[in-house]
Amino acid sequence: MAFWQENYQFVKEVYDMRHTKMAEWMENVEKAISRIMADKVYTSAEFKRERDTFNALCKDLERTEVKKWLAQILEILMAERAKDLKKTEGEKLEILIKKHEELIPNVQKTSVMVDLYWKCYAYGDELKPHVEFLDGIMLSSTRDIAPSCVENVDELIERQEKSLSQLDTKKNVVSDLIGKGQVILEHPDKPRFLEGHVKRIEEGWEDTKTKAQERLKLLQETKDAWVGYAENNETIANEFDNAEEEIKKIKKHFNLDAALADLEKRQNLYNKSNNTINGLFKTINANLTCMSITLPEDKKKILEKEVKAVEAKLEVTGRFKEKVTKIEEFCAALTSFDNSLKSIDSWMKLATSELKDIKEASGNMLPEDRVARTMDLQEDIAAKIEILKANAGTELELLPQGDKCPSDAQAYKKELARITKYMTDLAENTRIECDKYSNDVKFWAEYRTGIKEFTPWLVGAEKA
């Protein structure tokens, strides 16, 4: 014991040094734990350094030998020291040992968390190349493009199809990674950043695939628009030419059945041409609208001028319609003219029968009745003659004049002349008959008047 007392100062310094180192070690462990459990998200390399530091500090976690040595040496050193000093030093050692005992479960728990966190950081490292791959596909699927011809579009389609093919190749790997992350997420002590990792790969996969498919769809629609624009411009040019040719073929026909049949044909041709041309122009505009999504501004202006030039040619449908409308009006007038002649022709046959009936029934009719019927007939004939006069004016406007008049038109002229002559003759015959019956009425009235005057004289003479 004399040795320890003689060397007290030296031994006490060694004791204090080891006591301090023990305290410093625990402080370093606590710092390592706080760094590991901090909210900060490390890179995997940074976390590995923290993990290695923590593991290195916790190799001899129990520190049994150190605590035993400290307890023995303190007991020897304090054997002949004052009670107060002995108590103070004893309390210091107890505090140190108690702190160590409290530190052990925290270290053990942290060791578990270190393994969990390391899995999460390793998972993040595993995700990184796939996330970068998805970012690359997303960038190529959303970057601005400006193809100026269909060949450029074909190249872009080829690249986009390749990107989608690469996505399909990665599908199983990404699905496995998502599944792996969801398993780790089930751990109640998982770090906050893990959910972001899983969400990023999960949503990133869906978003990237959607954007890639949308870009491919846009490119395919753009290609169809380029092809359609060229084809539709060529087709509409042919339709303009066809419409011009059909306009030249429109002419009047003076045979009513032929005119109506031709009118129906021209109406159908116009409707078909109008619908086709307007449909094509609408499609051309739709093609341009689709192309304009990706067209460079200078190319867009050129195509807009081309569409304006096409629009200017749409006036051919207006001229076509105007021509067909004139034929519609002509056919309506010719139909009315034809119906009028047929109507008068039918009526004049009835009028002839009426006149004949008046003549043949004259013995059975009073003179006044005969006159009344012939006068009514005369009024009707006069009205029909007025209609014929109007028809004569219509004929001059409706039918061609001159020596080279078409046979069908000439037939109408002859029919009008025939009916007019017949009606004129009928009017004259009716007038003559009416005059005859008028004289009979006159003579009959004079006879009745004479009888009335003679009868009183005769009665007077008989009485005388």
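Residues numbered from 1 in each chain as written. Predicted model: local features only at pLDDT ≥ 70, side-chain atom pairs only at ≥ 80, totals over all residues. Heavy atoms only, no water.

## Quick word on the overall build of the protein
Put simply, the rule reads: In this text, helices come from DSSP runs of H or I with a minimum length of four residues, and strands from runs of E with a minimum of two, each type numbered from the N-terminal end. Buried, partly exposed and exposed residues are distinguished by accessible area as a fraction of the type maximum, computed with a 1.4 Å probe on protein chains only: under 20%, between the cut-offs, and over 50%, respectively. By the convention used here, residues are in contact when the closest approach between their heavy atoms is within 4.5 Å. Only the protein chains shown count as covering a residue, and every accessible area follows the Shrake-Rupley method with a 1.4 Å probe.
Tallying secondary structure elements over the protein gives 12 helices and 0 strands in all. Reading the helices (α) and strands (β) of the protein from amino to carboxyl end gives α-α-α-α-α-α-α-α-α-α-α-α. Burial statistics for the protein: of 464 residues in total, 36% are counted as buried. When contacts within the protein are restricted to residue pairs at least 6 apart in sequence, long-range pairs at least 24 apart make up 84% of them. Carbon and sulfur atoms form 52% of the exposed surface of the protein, whose accessible area is close to 28,200 Å².

## Focus: the pattern of salt bridges
Just so we agree on the cut-off: The salt bridge definition used is simple: a Lys or Arg side-chain nitrogen within 4 Å of an Asp or Glu carboxyl oxygen.
A complete count under the given rule lists 23 salt bridges for this structure. Glu221 is paired through a salt bridge with Lys217; the nearest N and O atoms lie 2.7 Å apart. Of the two residues, Glu221 and Lys217 both sit in helix H7 (residues 192-249), 4 residues apart, roughly one turn of that helix. Overall, the relative accessible area of 33% leaves Glu221 in the partly exposed class. In this structure, Arg319 and Glu244 form a salt bridge, with 2.5 Å as the shortest nitrogen-oxygen distance. In this pair, Arg319 is assigned in helix H10 (residues 315-360) and Glu244 in helix H7, connecting sequence segments 75 residues apart. Residue classification places Arg319 among the partly exposed positions, given a relative accessible area of 30%.

## Considering the layout of surface pockets
By rolling a water-sized probe across the atoms, one finds the places where empty space is left. To keep things clear, this is the line we draw: Lining residues are those with an atom within 4 Å of a point, where the points come from a 1 Å grid over the protein atoms alone and group into cavities, where a 1.4 Å probe fits but cannot get out, or pockets, open sets with protein on both sides within 12 Å along at least five of seven lines. Grid points are joined across faces, edges and corners, and a volume is the space filled by probe spheres set on the points. Residue polarity is assigned by list, with Asp, Glu, Lys and Arg as charged and Ala, Val, Leu, Ile, Met, Phe, Trp, Tyr, Cys and Pro as nonpolar; anything else, Gly included, falls into the polar class.
The computed volume of the largest pocket comes to approximately 280 Å³. Lining of the largest pocket is provided by 14 residues; of these, Tyr121, Gly124, Asp125, Lys128 and His197 occupy positions nearest its centre. Counting only elements with at least two residues in the lining of the largest pocket, the list comes to helix H5 (83-142) and H7. Ranked by the residues each element gives to the lining of the largest pocket, the list is headed by H5, at 7 residues. Each residue belonging to the lining of the largest pocket can be placed in one class, and the counts come to 6 nonpolar, 4 polar and 4 charged. Roughly 200 Å³ of volume is contained in the second largest pocket. In terms of lining, the second largest pocket is formed by Phe254, Asn255, Leu256, Asp257, Asp338, Leu341, Lys342, Asp345, Asp408, Ala411, Tyr412 and Glu415. Of all the secondary-structure elements, those providing two or more residues to the lining of the second largest pocket are helix H8 (256-292), H10 and helix H12 (407-463). Looking at the lining of the second largest pocket residue by residue, the class counts come to 5 nonpolar, 1 polar and 6 charged.

## Notes on the environment of Glu50
Among the secondary structure elements, Glu50 is positioned in helix H3 (residues 44-57). On the basis of relative accessible area, Glu50 is assigned to the buried category, the value being 16%. In the structure, Glu50 is positioned 15 residues away from Arg35 in sequence and 7.5 Å away in space, judged by C-alpha atoms. Apart from the residues lying within four places of it in its own chain, the contact partners of Glu50 are Arg35, Ile36 and Tyr42.

## Focus on the packing of helix H6 (residues 150-185) against H7
As a reminder, the rule being used: Only C-alpha atoms enter the line fits that serve as axes; for helices the fit covers just the stretch in contact. Angles between N-to-C directions range over 0 to 180 degrees. Our angle categories are set so that under 35 degrees counts as roughly parallel, over 145 as roughly antiparallel, 65 to 115 as roughly perpendicular, and the remainder as oblique. Crossing handedness is defined as follows: a turn of the near helix away from the far one that is anticlockwise and smaller than a right angle gives a left-handed crossing, while the clockwise case is right-handed.
In the contact formed by H6 and H7, the axes pass within 9 Å of each other and the chain directions differ by 160°. With respect to their mutual orientation, H6 and H7 come out roughly antiparallel. H6 and H7 meet at a crossing whose hand is left-handed. Residue classes in the contact of H6 with H7 are distributed as 19 nonpolar, 7 polar and 9 charged.

## Quick word on the packing of H8 against helix H9 (residues 297-312)
Where H8 contacts H9, the axes come no closer than 11 Å and their chain directions differ by 170°. It follows that H8 is roughly antiparallel to H9 by the angle criterion. Contacts between H8 and H9 involve Phe281, Ile284, Asn285, Leu288, Met291 and Ser292 on the former and, on the latter, Lys300, Leu303, Glu304, Val307, Val310 and Glu311.

## Observations regarding the confidence of the model for the protein
Detail in the predicted coordinates should be disregarded across regions flagged by low pLDDT. Here is the rule: The pLDDT value tells you how sure the predictor is about a given residue, anywhere from 0 up to 100.
Summing up the model confidence of the protein, the mean pLDDT is 82 and the portion of residues at 70 or higher is 83%. Across the protein, element-level confidence peaks in H8 with a mean pLDDT of 94 and bottoms out in helix H1 (residues 2-6) with 56.

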